[in-house]
Amino acid sequence: MGAARVRDLFEQARKSAPAIIFIDELDALGRARTAAGLGGNDEREQTLNQLLVELDGFDPSSGLVLLAATNRPEILDPALLRAGRFDRQVLVDRPDKLGRIAILQVHMKKIQMGADVNPSQVADLTTGFSGADLANLVNEAALLATRRQAAEVCMEDFTQAIERIVAGLEKKNRLLNPREREIVAYHEVGHALAALALPGSDPVYKISIIPRGIGALGYTLQRPTEDRFLMTKEELEHKIAVLLGGRAAEKLIFNHLSTGAADDIARATDIARNMVTRYGMDPDIGFVVYEENQPTFIPQQGHGINGCQISDSTAQQIDISVRKIIDDTFARTYRILESNRPILERCAKTLLEKETLLEKELVEMTGDLQR
């Protein structure tokens, strides 16, 4: 049926020429064909073969334009992408700041805006957001304004909407006992102080001990002020240090370890492993890639990371190098917090009282921070 429908599609397009054929989610139709005996799908492959036949018989003077879209170009069949078929690839990436401003202005026309709302300021806080994320942000801000029965949407509504999207919904009915609140407060302040002490870290926009989302008992919200496309080894180490700041603060103040740092440790380990296996940033391992960027869908035989063949000794060396990066960075973060313990305790005490601290309040309380 699939092959017949492809033939019918092109026949209809030729009758309607000039016309555009647009295939959305091309990966559903054009997934790479597998070797015989490895779970191939004959129906899908016949459909793909028919599409390739139609593309080969494509006359550029017939007034037909063929477009396709996919979020997974790495799994497309190579035959689809050769010259004469889908040979021009256009990347539609996440928008930069100017793009975000333009997208926000389109969606902001649909709501009543307050005088204090600045699209440029909102764009600064939404680095990495896609067009759909920005549309959702404007909608969330409008809902928040409606709930408080306001006549227009103000900047505070956008700030709260960004927090909802990034950190999740507030769970004010989730009550923590005093001991847990104290641990969470020191944990979040540990993240914030590590970010403030290390140069080049994303600025801390807000810290809170109000539970959010599914499992977050508190959160430290950092928002990059500009679009970044490259990161140095030092900046990645600083990122790990900020992630480990919560665990270091718990260790320093309470001399114990809790489950609250589970997600931080997972993310820090992921960065450290990428530094070793993908970015060639470890002197002992060298400038060698041990992990492929593209995912492998057919399991490979032998040892390896994502299909890369590596020896047992190399795998062991990778584990040692990742562990060393984490341990060295944790020791550095611990020393920073230890030398700033009075500030850590002062900020944690204030956070326990107020439940939320903004960037301006943090800067005022950490003026004598030792870096």
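Just so we're clear, the structure is a prediction, and the values are computed from it rather than from any experiment.

Calculation criteria
- Residues numbered from 1 in each chain as written.
- Predicted model: local features only at pLDDT ≥ 70, side-chain atom pairs only at ≥ 80, totals over all residues.
- Heavy atoms only, no water.
- Helix = DSSP H or I, 4+ residues; strand = E, 2+ residues; numbered from the N terminus.
- Rg over C-alpha atoms; globule rule 2.2 N^0.38 Å.
- Buried < 20%, exposed > 50% of the residue type's maximum accessible area, 1.4 Å probe, protein only.
- Core = buried A, V, L, I, M, F, W, Y, C linked by side-chain atoms within 4.5 Å.
- Contact = heavy atoms within 4.5 Å.
- Expected span 1.5 Å × (residues − 1).
- Salt bridge = Lys/Arg side-chain N within 4 Å of Asp/Glu carboxyl O.
- Pairing = 2+ DSSP bridges.
- Axes fitted to C-alpha atoms, helices over the stretch in contact; angles between N-to-C directions.
- Polar contact = N/O pair within 3.5 Å; in protein donor to acceptor, adjacent residues only side chain to side chain.
- pLDDT = per-residue confidence, 0-100.
- Phe/Tyr/Trp six-rings, centres within 6.5 Å; stacked < 30°, edge-to-face > 60°.
- Parallel < 35°, antiparallel > 145°, perpendicular 65-115°, else oblique.
- Left-handed = near helix turned anticlockwise from the far one by under 90°.
- Nonpolar A, V, L, I, M, F, W, Y, C, P; charged D, E, K, R; others polar.

Q: How should the overall build of the protein be read in this particular structure?
A: When helices and strands are counted, the protein shows 13 helices and five strands. Computed over its C-alpha atoms, the radius of gyration of the protein comes to 26 Å, more than 25% above the 21 Å expected for a compact globule of 371 residues. Considered along the principal axes of its C-alpha atoms, the protein spans approximately 75 × 65 × 35 Å. By the burial criterion, 41% of the 371 residues in the protein qualify as buried.

Q: Would you mind showing me how to read the nonpolar core here?
A: Nonpolar side chains in soluble globular proteins generally cluster together in the buried interior. Counting 33 residues, the largest nonpolar core has V189, L193, I207, L344 and L351 as its most contacted members. Those elements that provide at least two residues to this core are helix 8 (178-197), strand 3 (204-208), helix 9 (233-254), helix 11 (312-339), helix 12 (341-354) and helix 13 (359-365). Top element by residues in this core is helix 8. It accounts for ten residues. Discounting residues that sit within four places of it in the chain, V189 has contacts with I207, L344, C347, A348 and L351. Within the second largest apolar cluster, 21 residues are counted, among which are A123, V153, M155 and F158.

Q: How should I be thinking about helix 6 (residues 131-147) in this particular structure?
A: Helical geometry note: an α-helix holds 3.6 residues per turn, so side chains three or four residues apart project in the same direction. Under the 1.5 Å per step criterion, the end-to-end length of helix 6 is 25 Å for 17 residues, consistent within 8% with the ideal 24 Å. Here helix 6 has its buried residues at L134, L137, V138, E140, A141, A142, L144 and A145. Against the buried residues of helix 6 lie helix 4 (97-108), helix 5 (119-124) and helix 7 (155-167).

Q: Is there a simple way to explain the pattern of salt bridges in this structure?
A: Close approach of charged atoms allows side chains with opposite charge to pair. The full count for this structure, using the stated rule, is 17 salt bridges. Linking K97 and D124 is a salt bridge whose minimum nitrogen-to-oxygen distance equals 2.9 Å. Of this pair, K97 sits in helix 4 while D124 is found in helix 5, placing the two residues 27 residues apart along the sequence. D124 gets classed as partly exposed once you look at its relative accessible area, which sits at 27%.

Q: Sorry, what's going on with the sheet that holds strand 5 (residues 356-358) here?
A: Ordered in space as 4-3-5, the three strands form an open sheet in which the pairing is antiparallel. Whereas interior strands pair on both sides, the edge strands pair on one side only; in this sheet they are strand 4 (219-222) and strand 5. Direction aside, the axes of adjacent strands within the sheet are offset by 10° on average. Bridge analysis of strand 3 against strand 5 gives three bridges, and the strand direction is antiparallel. Along strand 5, the bridge assignment pairs I207 with L357. Here helix 8 sits on the sheet in contact with strand 3 and strand 4, set at roughly 165° to strand 3.

Q: Mind showing me how you'd approach the environment of S313 here?
A: Relative to the helices and strands, S313 resides in helix 11. According to the relative accessible area criterion, S313 is exposed, its value standing at 52%. Separated by 302 residues in the primary sequence, S313 and E11 have C-alpha atoms spaced 59 Å apart. Polar contacts involving the side chain of S313 include one to the side chain of S311, which spans 3.1 Å.

Q: Before we go on, may I ask you to explain the confidence of the model for the protein in this structure?
A: Should the pLDDT be low somewhere, the predicted coordinates at that spot are not to be read in detail. Mean pLDDT over the protein stands at 86; residues scoring 70 or higher make up 91%. Highest mean pLDDT in the protein belongs to helix 9 (95); lowest belongs to strand 4 (84). Taken as a whole, residues 294-303 scores under 50 in pLDDT and shows 13 contacts with residues more than four places along the chain or in a different chain.

Q: Would you mind showing me how to read the packing of aromatic side chains here?
A: For any pair of aromatic rings, the description rests on two quantities: the centre-to-centre distance and the angle between the ring planes. As enumerated under the stated definition, the model contains two aromatic pairs in all. Measuring from ring centre to ring centre gives 5.5 Å for Y186 and F254, while their planes differ by 90°; the resulting arrangement is edge-to-face. On the criterion of sequence distance, the pair formed by Y186 in helix 8 and F254 in helix 9 is long-range, its members being 68 residues apart. Note on F330 and Y334: the rings are 6.4 Å apart at their centroids and 35° apart in plane angle, and the pair reads as tilted. With F330 and Y334 both in helix 11 and four residues apart, this pair spans about one turn of that helix.

Q: Is there a simple way to explain the packing of helix 4 against helix 6 in this structure?
A: Packed helices, taken two at a time, are described by the angle their axes make and the gap between the axes. Where helix 4 contacts helix 6, the two axes come as close as 9 Å, and the packing angle between them is 40°. The angle between helix 4 and helix 6 places the two elements in the oblique class. The hand of the helix 4/helix 6 crossing is right-handed. Of the residues in helix 6, those touching helix 4 at R100, I103, L104, H107 and M108 are G131, L134, A135, L137 and V138.

Q: What exactly am I supposed to notice about the packing of helix 10 (residues 262-277) against helix 11 here?
A: At their nearest, the axes of helix 10 and helix 11 sit 9 Å apart, and the two run at 125° to each other. Considering the angle they form, helix 10 stands oblique to helix 11. When you trace helix 10 past helix 11, the crossing you get is right-handed. Judged by residue contacts, A268, T269, A272, R273, M275, V276 and T277 of helix 10 engage I318, D319, S321, V322, I325 and I326 from helix 11. A breakdown of the residues in the contact of helix 10 with helix 11 according to their chemical character gives eight nonpolar, three polar and two charged.

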